[in-house]
Amino acid sequence: MVLHEYAHQVDGESGDMDGAPLFFDPDARRQWQAVMSDAYEHLVDSVERGTEPAIDPYAATAPEEFFAVTTEYFFTAPMTLYSTYPAVYEQLRQYYREETREWFYSEFP
């Protein structure tokens, strides 16, 4: 819960609750938007088809919830996030400047 709400705080720093934190580098923001939008749409499509997603389906309710839920997974279940959405994991790794898979595994893909 704390990580989820933290992500919402980070999201709001840009002035909008849109699933994207504040970026000073326009290229980094464009990359974030492309990766996160693609993954979000994939999740929404999966949920609408009735497929049980690997991450909490609440993430499909809005882009800001996708960011918050994937932040939770990044810190608490990084291999689940990495195996499901590796590009999202990479965006969060770059943003948070952490390699959370190391916290749980001595070796990882």
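Residues numbered from 1 in each chain as written. Predicted model: local features only at pLDDT ≥ 70, side-chain atom pairs only at ≥ 80, totals over all residues. Heavy atoms only, no water.

Engineer: Help me out: how do you make sense of a negative patch on the surface in this one?
Structural biologist: On the surface, D38, E41, D45 and E48 cluster together into a negatively charged patch. By secondary structure assignment, the location of D45 is in helix α2 (residues 26–49). The exposure class assigned to D45 is partly exposed, which follows from its relative accessible area of 35%. (Patch = residues over 30% accessible without salt bridge, like charges linked within 9 Å, V, L, I, M, F, W, Y side chains within 5 Å. Areas by Shrake-Rupley, 256 points an atom, 1.4 Å probe, with all protein chains shown as cover. Salt bridge = Lys/Arg side-chain N within 4 Å of Asp/Glu carboxyl O. Lys, Arg positive; Asp, Glu negative; His and termini not counted. Charge placed at Lys NZ, Arg CZ, Asp CG, Glu CD. Helix = DSSP H or I, 4+ residues; strand = E, 2+ residues; numbered from the N terminus. Buried < 20%, exposed > 50% of the residue type's maximum accessible area, 1.4 Å probe, protein only.)

Engineer: What is the right way to look at the layout of surface pockets in this model?
Structural biologist: There is about 170 Å³ of room inside the largest pocket. Taken together, F23, A28, Q31, W32, Q91, Q94, Y95 and R97 make up the full set of residues lining the largest pocket. Counting only elements with at least two residues in the lining of the largest pocket, the list comes to α2 and α5 (86–96). Its residues placed into classes, the lining of the largest pocket shows four nonpolar, three polar and one charged. (1 Å grid on protein atoms, 1.4 Å probe; cavity = no way out; pocket = protein on both sides within 12 Å on 5 of 7 lines; lining within 4 Å. Points joined across faces, edges and corners; volume = space filled by probe spheres on them. Nonpolar A, V, L, I, M, F, W, Y, C, P; charged D, E, K, R; others polar.)

Engineer: What should I look at first to understand the packing of aromatic side chains in this one?
Structural biologist: Working definition: an aromatic ring pair is given by the centre-to-centre distance plus the angle between the planes. Summed over all chains, the structure comprises 14 aromatic pairs. Ring centres of Y95 and Y96 lie 5.2 Å apart, and the angle between their planes is 75 degrees; on these two criteria the pair is classed as edge-to-face. By the ring-pair criterion, three or more aromatic residues cluster together here, those being Y6, F23, W32, F67, F74, F75, Y82, Y89, Y95, Y96 and W103. A cation sits over an aromatic face here: R101 above Y82, 4.1 Å from the ring centre. (Phe/Tyr/Trp six-rings, centres within 6.5 Å; stacked < 30°, edge-to-face > 60°. Lys NZ or Arg CZ within 6 Å of the ring centre and 35° of its normal.)

Engineer: Can you walk me through the packing of α2 against helix α3 (residues 63–76) in this structure?
Structural biologist: Two packed helices can be described by the angle between their axes and the distance between those axes. Where α2 meets α3, the axes come as close as 10 Å, and the angle between the chain directions of the two elements is 95 degrees. With respect to each other, α2 and α3 are oriented roughly perpendicular. Two secondary-structure elements touch here, α2 through W32, M36, A39, Y40 and L43 and α3 through P63, F66, F67 and T70. The residue makeup of the contact of α2 with α3, split by class, is eight nonpolar, one polar and no charged. (Axes fitted to C-alpha atoms, helices over the stretch in contact; angles between N-to-C directions. Parallel < 35°, antiparallel > 145°, perpendicular 65-115°, else oblique. Contact = heavy atoms within 4.5 Å.)

Engineer: In this structure, what is going on with the pattern of salt bridges? I would like to understand it.
Structural biologist: Charged atoms that come close allow side chains of opposite charge to pair. Following the criterion strictly, the structure yields four salt bridges and no others. Here D27 ties to R30 by a salt bridge, and the two come within 2.3 Å at their closest N and O atoms. Taken together, the residues span about one helical turn, with D27 and R30 both in helix α2 at a distance of three residues.

Engineer: Sorry, what's going on with the packing of α2 against α5 here?
Structural biologist: Between α2 and α5, the least distance of the axes is 9 Å, while the angle of their chain directions is 145 degrees. The two elements α2 and α5 meet at a crossing, and its hand is left-handed. Contacts between α2 and α5 involve Q31, W32, V35, M36 and A39 from the former and A87, V88, Q91, L92 and Y95 from the latter. When its residues are assigned to classes, the contact of α2 with α5 shows eight nonpolar, two polar and no charged. (Left-handed = near helix turned anticlockwise from the far one by under 90°.)

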